[in-house]
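Here is how the chains run, residue by residue.
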Amino acid sequence: MQNTRDALTPENLAMLQSIAETGSFAAAARQLGVVPSALTYRVRQIEDALDVLLFDRSARHARPTDAGMELLREGKRLLEDVDAIANRVRRVATGWEPQLTLSVDGVISPTTMLELVEAFYALGPPTRVKWRDGILGGTAEALTSGQADLAIGVAVGASNVAGLQSAPLGEVRFIFVVAPHHPLAKVTEPISDTTLREHRAIAVADSARRSNVTMGILAGQDVLTVDNMRAKIHAQLRGLGGGFLPEPMVRPYLEAGHLVERQVARPARNVRLSYQWGGPGHAAPGRALQWWLSQLQSDATRRALLENHHQF
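Residues numbered from 1 in each chain as written. Predicted model: local features only at pLDDT ≥ 70, side-chain atom pairs only at ≥ 80, totals over all residues. Heavy atoms only, no water.

**A word on the packing of aromatic side chains**
Tallying each qualifying case throughout the model produces eight aromatic pairs. A centroid spacing of 5.7 Å and a plane angle of 75 degrees characterise the contact between Phe25 and Phe55, whose relative ring orientation is edge-to-face. Of the two residues, Phe25 is situated in helix α3 (residues 25-32) and Phe55 in strand β1 (residues 55-56); the sequence distance between them amounts to 30 residues. Given the relative accessible area of 14%, Phe25 is considered buried. You can call Phe55 buried: its relative accessible area is 2%. Each ring, one from Trp96 and one from Phe120, has its centre 6.2 Å from the other, and the planes form 65 degrees; the classification is edge-to-face. (Phe/Tyr/Trp six-rings, centres within 6.5 Å; stacked < 30°, edge-to-face > 60°. Helix = DSSP H or I, 4+ residues; strand = E, 2+ residues; numbered from the N terminus. Buried < 20%, exposed > 50% of the residue type's maximum accessible area, 1.4 Å probe, protein only.)

As C-alpha coordinates, then:
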(Lines give C-alpha, C1' and ligand atoms only; values in the text may rest on other atoms or scores of the structure.)
Protein backbone atom coordinates (compact mmCIF):
# COMPACT_ATOMS: atom_id res chain seq x y z
CA MET A 1 0.00 0.00 0.00
CA GLN A 2 1.47 3.35 -1.01
CA ASN A 3 -0.93 5.61 0.88
CA THR A 4 -4.06 5.60 2.99
CA ARG A 5 -6.30 6.25 0.00
CA ASP A 6 -5.10 3.04 -1.58
CA ALA A 7 -5.90 1.27 1.68
CA LEU A 8 -9.38 2.66 2.26
CA THR A 9 -11.09 1.42 -0.88
CA PRO A 10 -14.73 0.33 -0.77
CA GLU A 11 -13.57 -3.26 -1.43
CA ASN A 12 -11.19 -3.22 1.55
CA LEU A 13 -13.73 -1.57 3.83
CA ALA A 14 -16.29 -4.23 2.92
CA MET A 15 -13.67 -6.92 3.63
CA LEU A 16 -13.00 -5.51 7.10
CA GLN A 17 -16.75 -5.41 7.78
CA SER A 18 -16.95 -9.09 6.82
CA ILE A 19 -14.15 -10.03 9.23
CA ALA A 20 -15.85 -8.17 12.08
CA GLU A 21 -19.24 -9.71 11.34
CA THR A 22 -18.04 -13.31 10.98
CA GLY A 23 -15.59 -13.06 13.88
CA SER A 24 -12.65 -14.73 12.15
CA PHE A 25 -10.32 -14.37 9.18
CA ALA A 26 -11.08 -17.91 8.02
CA ALA A 27 -14.85 -17.41 8.05
CA ALA A 28 -14.54 -14.09 6.24
CA ALA A 29 -12.26 -15.69 3.65
CA ARG A 30 -14.87 -18.40 2.97
CA GLN A 31 -17.60 -15.75 2.70
CA LEU A 32 -15.55 -13.66 0.28
CA GLY A 33 -14.29 -16.64 -1.72
CA VAL A 34 -10.56 -16.08 -1.10
CA VAL A 35 -7.90 -18.08 0.66
CA PRO A 36 -7.23 -17.02 4.30
CA SER A 37 -3.60 -16.15 3.59
CA ALA A 38 -4.60 -13.65 0.89
CA LEU A 39 -7.12 -11.99 3.22
CA THR A 40 -4.56 -11.83 6.04
CA TYR A 41 -2.04 -10.23 3.68
CA ARG A 42 -4.51 -7.55 2.60
CA VAL A 43 -5.38 -6.70 6.21
CA ARG A 44 -1.68 -6.34 7.05
CA GLN A 45 -1.24 -4.02 4.05
CA ILE A 46 -4.07 -1.82 5.36
CA GLU A 47 -2.60 -1.81 8.87
CA ASP A 48 0.83 -0.88 7.49
CA ALA A 49 -0.63 1.98 5.46
CA LEU A 50 -2.52 3.35 8.46
CA ASP A 51 0.23 2.44 10.95
CA VAL A 52 -2.31 0.93 13.35
CA LEU A 53 -3.40 -2.53 14.51
CA LEU A 54 -7.01 -3.14 13.42
CA PHE A 55 -7.64 -6.63 14.88
CA ASP A 56 -6.46 -8.32 18.07
CA ARG A 57 -5.08 -11.67 16.88
CA SER A 58 -4.12 -12.98 20.33
CA ALA A 59 -7.57 -14.45 20.91
CA ARG A 60 -9.33 -17.22 19.04
CA HIS A 61 -11.68 -14.75 17.40
CA ALA A 62 -10.70 -11.66 15.42
CA ARG A 63 -11.69 -8.82 17.72
CA PRO A 64 -11.40 -5.25 16.40
CA THR A 65 -9.13 -2.93 18.38
CA ASP A 66 -10.37 0.53 19.34
CA ALA A 67 -8.81 1.89 16.16
CA GLY A 68 -10.41 -0.96 14.23
CA MET A 69 -13.84 -0.19 15.70
CA GLU A 70 -13.51 3.44 14.65
CA LEU A 71 -12.53 2.44 11.13
CA LEU A 72 -15.45 -0.02 10.96
CA ARG A 73 -17.90 2.69 12.05
CA GLU A 74 -16.59 5.24 9.58
CA GLY A 75 -16.17 2.59 6.90
CA LYS A 76 -19.80 1.56 7.21
CA ARG A 77 -20.85 5.20 6.80
CA LEU A 78 -18.61 5.60 3.75
CA LEU A 79 -20.02 2.46 2.13
CA GLU A 80 -23.55 3.73 2.73
CA ASP A 81 -22.53 7.06 1.16
CA VAL A 82 -21.15 5.25 -1.89
CA ASP A 83 -24.44 3.40 -2.32
CA ALA A 84 -26.39 6.63 -1.87
CA ILE A 85 -24.27 8.40 -4.49
CA ALA A 86 -24.79 5.56 -6.94
CA ASN A 87 -28.55 5.69 -6.39
CA ARG A 88 -28.55 9.48 -6.75
CA VAL A 89 -26.60 9.35 -10.00
CA ARG A 90 -29.01 6.79 -11.43
CA ARG A 91 -32.00 8.94 -10.46
CA VAL A 92 -30.43 12.16 -11.78
CA ALA A 93 -30.12 10.37 -15.11
CA THR A 94 -33.94 10.22 -15.17
CA GLY A 95 -34.19 14.01 -15.42
CA TRP A 96 -33.85 15.23 -11.82
CA GLU A 97 -31.41 18.09 -11.18
CA PRO A 98 -28.58 17.33 -8.72
CA GLN A 99 -29.35 20.64 -6.94
CA LEU A 100 -32.09 23.25 -7.15
CA THR A 101 -31.36 26.70 -5.72
CA LEU A 102 -34.25 28.94 -4.73
CA SER A 103 -33.83 32.70 -4.30
CA VAL A 104 -36.61 33.75 -1.92
CA ASP A 105 -37.42 37.37 -1.13
CA GLY A 106 -37.90 38.50 2.45
CA VAL A 107 -41.59 39.27 1.87
CA ILE A 108 -42.35 35.60 1.17
CA SER A 109 -43.85 33.44 3.93
CA PRO A 110 -41.17 31.09 5.31
CA THR A 111 -43.93 28.87 6.70
CA THR A 112 -45.39 28.24 3.25
CA MET A 113 -41.95 27.80 1.72
CA LEU A 114 -41.10 25.11 4.27
CA GLU A 115 -44.42 23.40 3.61
CA LEU A 116 -43.52 23.29 -0.09
CA VAL A 117 -40.03 21.98 0.70
CA GLU A 118 -41.59 19.28 2.88
CA ALA A 119 -43.98 18.27 0.07
CA PHE A 120 -41.09 18.20 -2.38
CA TYR A 121 -39.00 15.94 -0.14
CA ALA A 122 -42.00 13.64 0.24
CA LEU A 123 -41.50 12.72 -3.43
CA GLY A 124 -38.13 11.20 -2.53
CA PRO A 125 -36.22 13.15 -5.19
CA PRO A 126 -32.44 12.96 -5.57
CA THR A 127 -32.32 16.75 -5.87
CA ARG A 128 -30.72 18.76 -3.07
CA VAL A 129 -32.51 22.03 -2.30
CA LYS A 130 -30.67 25.24 -1.45
CA TRP A 131 -32.60 28.26 -0.16
CA ARG A 132 -31.05 31.71 -0.60
CA ASP A 133 -32.52 34.77 1.10
CA GLY A 134 -32.98 37.78 -1.14
CA ILE A 135 -34.01 41.40 -0.66
CA LEU A 136 -35.19 43.80 -3.38
CA GLY A 137 -32.95 43.52 -6.46
CA GLY A 138 -30.90 40.71 -4.96
CA THR A 139 -33.75 38.21 -5.32
CA ALA A 140 -33.67 38.44 -9.12
CA GLU A 141 -29.92 38.98 -9.33
CA ALA A 142 -29.26 35.51 -7.89
CA LEU A 143 -31.21 34.09 -10.83
CA THR A 144 -29.77 36.25 -13.61
CA SER A 145 -26.21 35.73 -12.32
CA GLY A 146 -26.64 31.96 -12.48
CA GLN A 147 -26.61 31.42 -8.70
CA ALA A 148 -30.26 30.33 -8.51
CA ASP A 149 -32.72 28.37 -10.62
CA LEU A 150 -35.95 29.96 -9.39
CA ALA A 151 -36.58 33.41 -7.88
CA ILE A 152 -39.73 33.85 -5.79
CA GLY A 153 -40.96 37.33 -4.85
CA VAL A 154 -39.36 39.50 -7.52
CA ALA A 155 -40.69 43.05 -7.70
CA VAL A 156 -42.23 43.37 -11.17
CA GLY A 157 -40.19 45.54 -13.50
CA ALA A 158 -38.83 45.61 -17.01
CA SER A 159 -36.10 43.06 -17.72
CA ASN A 160 -34.21 42.45 -20.93
CA VAL A 161 -32.37 39.32 -19.77
CA ALA A 162 -32.40 36.77 -22.58
CA GLY A 163 -34.37 33.62 -21.81
CA LEU A 164 -35.81 34.92 -18.54
CA GLN A 165 -39.37 33.77 -17.91
CA SER A 166 -41.76 35.32 -15.41
CA ALA A 167 -45.23 34.75 -14.02
CA PRO A 168 -47.29 36.85 -11.58
CA LEU A 169 -47.23 35.94 -7.92
CA GLY A 170 -49.56 38.59 -6.54
CA GLU A 171 -49.64 42.03 -4.99
CA VAL A 172 -48.55 43.10 -1.52
CA ARG A 173 -49.67 46.27 0.26
CA PHE A 174 -46.93 47.99 2.24
CA ILE A 175 -48.07 50.07 5.20
CA PHE A 176 -46.22 52.53 7.42
CA VAL A 177 -46.01 51.26 11.01
CA VAL A 178 -44.34 52.28 14.26
CA ALA A 179 -44.34 51.05 17.84
CA PRO A 180 -47.10 52.53 20.06
CA HIS A 181 -44.48 54.38 22.13
CA HIS A 182 -42.79 55.94 19.08
CA PRO A 183 -43.33 59.74 18.68
CA LEU A 184 -44.92 59.23 15.23
CA ALA A 185 -47.69 57.16 16.85
CA LYS A 186 -49.23 60.37 18.27
CA VAL A 187 -48.78 62.98 15.52
CA THR A 188 -51.63 64.19 13.33
CA GLU A 189 -52.37 62.17 10.20
CA PRO A 190 -51.61 62.10 7.37
CA ILE A 191 -47.96 62.43 8.34
CA SER A 192 -46.04 64.71 6.00
CA ASP A 193 -42.61 63.96 4.54
CA THR A 194 -41.26 66.89 6.55
CA THR A 195 -42.33 65.23 9.78
CA LEU A 196 -41.11 61.80 8.71
CA ARG A 197 -37.70 63.23 7.88
CA GLU A 198 -37.28 64.25 11.52
CA HIS A 199 -37.38 60.60 12.63
CA ARG A 200 -35.18 57.61 11.91
CA ALA A 201 -36.25 55.15 9.22
CA ILE A 202 -35.60 51.40 9.41
CA ALA A 203 -34.53 50.01 6.04
CA VAL A 204 -33.62 46.59 4.68
CA ALA A 205 -30.42 46.47 2.65
CA ASP A 206 -30.66 45.40 -0.96
CA SER A 207 -28.96 42.01 -1.24
CA ALA A 208 -27.94 42.73 -4.84
CA ARG A 209 -24.24 43.34 -5.42
CA ARG A 210 -24.79 45.48 -8.51
CA SER A 211 -27.34 47.93 -7.18
CA ASN A 212 -28.32 49.75 -4.01
CA VAL A 213 -32.09 50.04 -4.12
CA THR A 214 -33.84 51.67 -1.19
CA MET A 215 -37.56 52.13 -0.66
CA GLY A 216 -39.36 54.74 1.40
CA ILE A 217 -36.23 56.66 2.48
CA LEU A 218 -36.27 60.45 2.36
CA ALA A 219 -33.24 62.58 1.48
CA GLY A 220 -31.37 63.59 4.61
CA GLN A 221 -33.25 61.15 6.85
CA ASP A 222 -31.41 59.15 9.53
CA VAL A 223 -31.48 55.47 8.62
CA LEU A 224 -30.86 52.22 10.46
CA THR A 225 -30.17 49.53 7.86
CA VAL A 226 -30.65 45.83 8.61
CA ASP A 227 -30.18 42.69 6.54
CA ASN A 228 -33.63 41.10 6.61
CA MET A 229 -37.32 41.72 7.18
CA ARG A 230 -37.39 40.01 10.57
CA ALA A 231 -34.70 42.32 11.89
CA LYS A 232 -36.59 45.31 10.47
CA ILE A 233 -39.78 44.27 12.27
CA HIS A 234 -37.95 43.80 15.58
CA ALA A 235 -36.21 47.16 15.23
CA GLN A 236 -39.57 48.84 14.72
CA LEU A 237 -41.13 46.92 17.60
CA ARG A 238 -38.43 48.43 19.83
CA GLY A 239 -39.28 51.91 18.63
CA LEU A 240 -35.90 52.43 16.96
CA GLY A 241 -37.61 53.93 13.93
CA GLY A 242 -40.50 53.67 11.53
CA GLY A 243 -40.95 52.31 8.05
CA PHE A 244 -43.04 50.50 5.49
CA LEU A 245 -43.63 46.79 5.91
CA PRO A 246 -45.82 44.20 4.12
CA GLU A 247 -49.27 44.30 5.72
CA PRO A 248 -49.62 40.47 5.94
CA MET A 249 -46.27 40.24 7.72
CA VAL A 250 -47.13 42.76 10.44
CA ARG A 251 -50.82 41.89 10.77
CA PRO A 252 -50.33 39.82 13.97
CA TYR A 253 -48.40 42.69 15.58
CA LEU A 254 -51.12 45.17 14.63
CA GLU A 255 -53.83 42.92 16.07
CA ALA A 256 -51.85 42.52 19.30
CA GLY A 257 -51.22 46.25 19.56
CA HIS A 258 -47.43 45.90 19.33
CA LEU A 259 -47.35 48.05 16.19
CA VAL A 260 -49.72 50.73 14.91
CA GLU A 261 -50.41 51.72 11.33
CA ARG A 262 -50.05 55.40 10.50
CA GLN A 263 -51.36 57.19 7.42
CA VAL A 264 -48.75 59.17 5.53
CA ALA A 265 -49.17 61.90 2.95
CA ARG A 266 -47.40 60.01 0.18
CA PRO A 267 -49.41 57.61 -2.06
CA ALA A 268 -50.17 54.07 -0.93
CA ARG A 269 -47.57 51.47 -1.86
CA ASN A 270 -48.80 48.31 -3.55
CA VAL A 271 -46.02 46.17 -4.96
CA ARG A 272 -46.65 43.59 -7.67
CA LEU A 273 -44.49 40.50 -7.31
CA SER A 274 -43.60 37.68 -9.66
CA TYR A 275 -41.62 34.46 -9.76
CA GLN A 276 -38.94 34.00 -12.41
CA TRP A 277 -36.83 31.24 -13.89
CA GLY A 278 -34.58 30.63 -16.87
CA GLY A 279 -32.15 33.23 -18.12
CA PRO A 280 -28.54 32.94 -19.31
CA GLY A 281 -27.07 29.45 -19.28
CA HIS A 282 -30.26 27.77 -18.07
CA ALA A 283 -31.38 24.66 -19.91
CA ALA A 284 -34.95 23.41 -20.09
CA PRO A 285 -36.45 22.91 -16.61
CA GLY A 286 -35.64 19.56 -15.04
CA ARG A 287 -38.14 17.56 -13.02
CA ALA A 288 -37.44 19.41 -9.75
CA LEU A 289 -37.97 22.87 -11.25
CA GLN A 290 -41.04 21.60 -13.11
CA TRP A 291 -42.52 20.48 -9.79
CA TRP A 292 -41.97 23.89 -8.19
CA LEU A 293 -43.41 25.71 -11.20
CA SER A 294 -46.49 23.49 -11.09
CA GLN A 295 -47.01 24.34 -7.40
CA LEU A 296 -46.75 28.05 -8.15
CA GLN A 297 -49.56 27.78 -10.68
CA SER A 298 -51.96 27.28 -7.77
CA ASP A 299 -53.83 30.42 -6.67
CA ALA A 300 -53.94 29.09 -3.10
CA THR A 301 -50.18 28.53 -3.02
CA ARG A 302 -49.39 31.98 -4.40
CA ARG A 303 -51.76 33.59 -1.90
CA ALA A 304 -50.23 31.63 1.00
CA LEU A 305 -46.72 32.66 -0.01
CA LEU A 306 -47.71 36.30 0.42
CA GLU A 307 -50.20 36.04 3.29
CA ASN A 308 -49.23 33.13 5.57
CA HIS A 309 -46.86 34.87 7.99
CA HIS A 310 -48.69 34.43 11.30
CA GLN A 311 -47.64 30.78 11.85
CA PHE A 312 -43.88 31.28 11.74
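**Side note on helix α12 (residues 299-307)**
Here α12 has its buried residues at Thr301, Arg302, Leu305 and Leu306. Relative to the axis of α12, the buried residues are bounded by an arc of 130 degrees and lie together on one face. In the core, the buried residues of α12 are packed alongside α6 (110-121), β5 (150-155), β6 (164-178), α10 (247-256), β11 (269-278) and α11 (287-296). Taking the backbone nitrogen of Ala300 as reference, a side-chain oxygen 3.3 Å away marks Ser298 as the first, capping residue of α12. (Arc of directions from axis to C-beta. Contact = heavy atoms within 4.5 Å. Polar contact = N/O pair within 3.5 Å; in protein donor to acceptor, adjacent residues only side chain to side chain.)

**Description of the environment of Leu100**
Its location among the elements puts Leu100 in strand β3 (residues 99-105). A sequence separation of 50 residues divides Leu100 from Leu150, and the C-alpha atoms of the two residues are 8.1 Å apart.

**Focus on the environment of Asp193**
Within the secondary structure, Asp193 sits in helix α8 (residues 193-197). Taking the relative accessible area as the measure of exposure, Asp193 reaches 28% and is therefore partly exposed. Considered as a pair, Asp193 and Val264 are 71 residues apart in the sequence and their alpha carbons are 7.8 Å apart. With near-sequence residues (within four places) excluded, Asp193 lies in contact with Leu218 and Arg266.

Any link to function would need more than the numbers given here.
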